[in-house]
Amino acid sequence: MASHTSTPLEYSTKQNEMNILGFWIFLGAEIVLFSTLFASYAVLEGSTVGGPAQGEIFVLKDVLIETFLLLTSSFTMGLALHQMRDNNKTAMLVWTVITLLLGAGFVYFEINEFIHYVHEGLTMQTNAFGSAFFTLLGTHGLHVSLGIGWVLMLIIQIVRRGITAVTARKFFIVSLYWHFLDVVWIFIFTFVYLKGLM
């Protein structure tokens, strides 16, 4: 039985500790990136001349589905990490695949959402709001898509090599990345969608 007082496998070497610290610093840069995009959106969200405004095109039901998929994927990623720490490779992989499916579902619904907006007359070229909106959400969606590819490659490594200090560190880092994207989405949901629908 795994001891809950021992050092987690992902922190078991000095190299792992340094890599994880480096990734936290990287996430700091990502926070700056998204803060800049949120600030730009806050300045430009009212500039809707020449196209539809937020309340005219946002579909709350679709946004709620995306939110449910992404936040649930954060929970399943946490379960996968727990199974990794218990050295249960099969359960870890099952929860990781579920996480990927939820993430892919999120990307699918977001693409459909963008197509809907284009049909409603909103593109990046329509007005300043459209430009800021698609830049912010597109950047987040691209990050989720990259995360899916990253997790897929890591699944292959874990299948081949098992749960080792190296694969545990990589999985812990990708889980930090995934949770970060979920936190960013909560801000998008609150300050873009809910605010726009009020």
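Residues numbered from 1 in each chain as written. Predicted model: local features only at pLDDT ≥ 70, side-chain atom pairs only at ≥ 80, totals over all residues. Heavy atoms only, no water.

### Regarding the overall build of the protein chain
Right, on to step 1. Within the protein chain, the regular secondary structure consists of six helices and zero strands.
Right, on to step 2. Start at the N end of the protein chain and walk to the C end: the helices and strands fall as α-α-α-α-α-α.
Right, on to step 3. When the backbone C-alpha atoms are referred to their principal axes, the protein chain occupies close to 60 × 30 × 25 Å.
Right, on to step 4. By residue count, 44% of the 198 residues in the protein chain fall in the buried class.
Right, on to step 5. Once local pairs closer than 6 in sequence are excluded, the contacts in the protein chain between residues at least 24 apart make up 80%.
Right, on to step 6. Within the structure as shown, the protein chain displays about 10,000 Å² of accessible surface, and the carbon and sulfur contribution to it stands at 70%. (Helix = DSSP H or I, 4+ residues; strand = E, 2+ residues; numbered from the N terminus. Buried < 20%, exposed > 50% of the residue type's maximum accessible area, 1.4 Å probe, protein only. Contact = heavy atoms within 4.5 Å. Areas by Shrake-Rupley, 256 points an atom, 1.4 Å probe, with all protein chains shown as cover.)

### A short note on the pattern of salt bridges
Right, on to step 1. In total, this model carries four salt bridges according to the counting rule given.
Right, on to step 2. Close ionic contact of Lys14 with Glu17 constitutes a salt bridge, the shortest N to O distance being 3.8 Å. Of this pair, Lys14 and Glu17 both sit in helix α1 (residues 14-44), three residues apart, roughly one helical turn.
Right, on to step 3. For Lys14, a relative accessible area of 60% puts it in the exposed group.
Right, on to step 4. Since its relative accessible area comes to 33%, Glu17 is described here as partly exposed.
Right, on to step 5. Lys195 is the salt-bridge partner of Glu45, the closest N and O atoms lying 2.4 Å from each other. Highlighted residues: Glu45 in the loop between α1 and α2 (54-57) and Lys195 in helix α6 (residues 165-197), separated in sequence by 150 residues.
Right, on to step 6. Under the relative-accessibility criterion, Glu45 is labelled buried at 13%. (Salt bridge = Lys/Arg side-chain N within 4 Å of Asp/Glu carboxyl O.)

### Remarks on empty space enclosed by the protein
Right, on to step 1. Scanning all chains against the criterion turns up one cavity of 30 Å³ or more.
Right, on to step 2. Approximately 30 Å³ is the volume found for the largest cavity.
Right, on to step 3. For the largest cavity, the full set of lining residues is Ile57, Val59, Asp62, Glu113, His116 and Tyr117.
Right, on to step 4. Considering every element that reaches the lining of the largest cavity, the biggest residue donor is helix α4 (residues 89-119), with three residues.
Right, on to step 5. Residue composition of the lining of the largest cavity, grouped by class: three nonpolar, one polar and two charged. (1 Å grid on protein atoms, 1.4 Å probe; cavity = no way out; pocket = protein on both sides within 12 Å on 5 of 7 lines; lining within 4 Å. Points joined across faces, edges and corners; volume = space filled by probe spheres on them. Nonpolar A, V, L, I, M, F, W, Y, C, P; charged D, E, K, R; others polar.)

### Section: the packing of aromatic side chains
Right, on to step 1. Per the stated rule, a full pass over the model turns up 21 aromatic pairs.
Right, on to step 2. Between the aromatic rings of Tyr117 and Phe133, the centroid separation amounts to 5.4 Å while the plane-to-plane angle is 75°, which identifies the pairing as edge-to-face. In this pair, Tyr117 is assigned in helix α4 and Phe133 in helix α5 (residues 128-161), connecting sequence segments 16 residues apart. As far as burial versus exposure is concerned, Tyr117 and Phe133 are alike and both buried.
Right, on to step 3. The rings of Tyr41, Phe58, Phe106, Phe114, Tyr117, Phe129, Phe133, Phe134, Trp185 and Tyr193 are connected pair by pair, giving a single aromatic cluster. (Phe/Tyr/Trp six-rings, centres within 6.5 Å; stacked < 30°, edge-to-face > 60°.)

### Description of the confidence of the model for the protein chain
Right, on to step 1. Taken residue by residue, the protein chain gives an average pLDDT of 92. The fraction at 70 or more is 97%.
Right, on to step 2. Averaged pLDDT values for the elements of the protein chain fall to 86 in α2 and rise to 96 in α4. (pLDDT = per-residue confidence, 0-100.)

### Regarding α4
Right, on to step 1. Here α4 is 31 residues long and its end C-alpha atoms lie 45 Å apart, about the 45 Å a rise of 1.5 Å per residue gives.
Right, on to step 2. Just past α4, the residue Gly121 takes up positive phi, approximately 100°. (Expected span 1.5 Å × (residues − 1).)

### Description of the side chain of Asn16
Right, on to step 1. Looking at the element boundaries, Asn16 is found in helix α1.
Right, on to step 2. A polar contact of 2.9 Å, which involves the side chain of Asn16, links it to the backbone oxygen of Ala165.
Right, on to step 3. Those residues in contact with Asn16 that lie beyond four places of it in its chain are Leu9, Glu10, Ala165 and Arg169. (Polar contact = N/O pair within 3.5 Å; in protein donor to acceptor, adjacent residues only side chain to side chain.)

### What to know about α6
Right, on to step 1. With 33 residues, α6 ought to run about 48 Å at 1.5 Å a step, and its terminal C-alpha atoms sit 47 Å apart, in line with that.
Right, on to step 2. By the largest-angle criterion, Phe189 marks the main kink of α6, which is about 30°. (Bend = angle between axes of the 7 residues up to and from the residue.)

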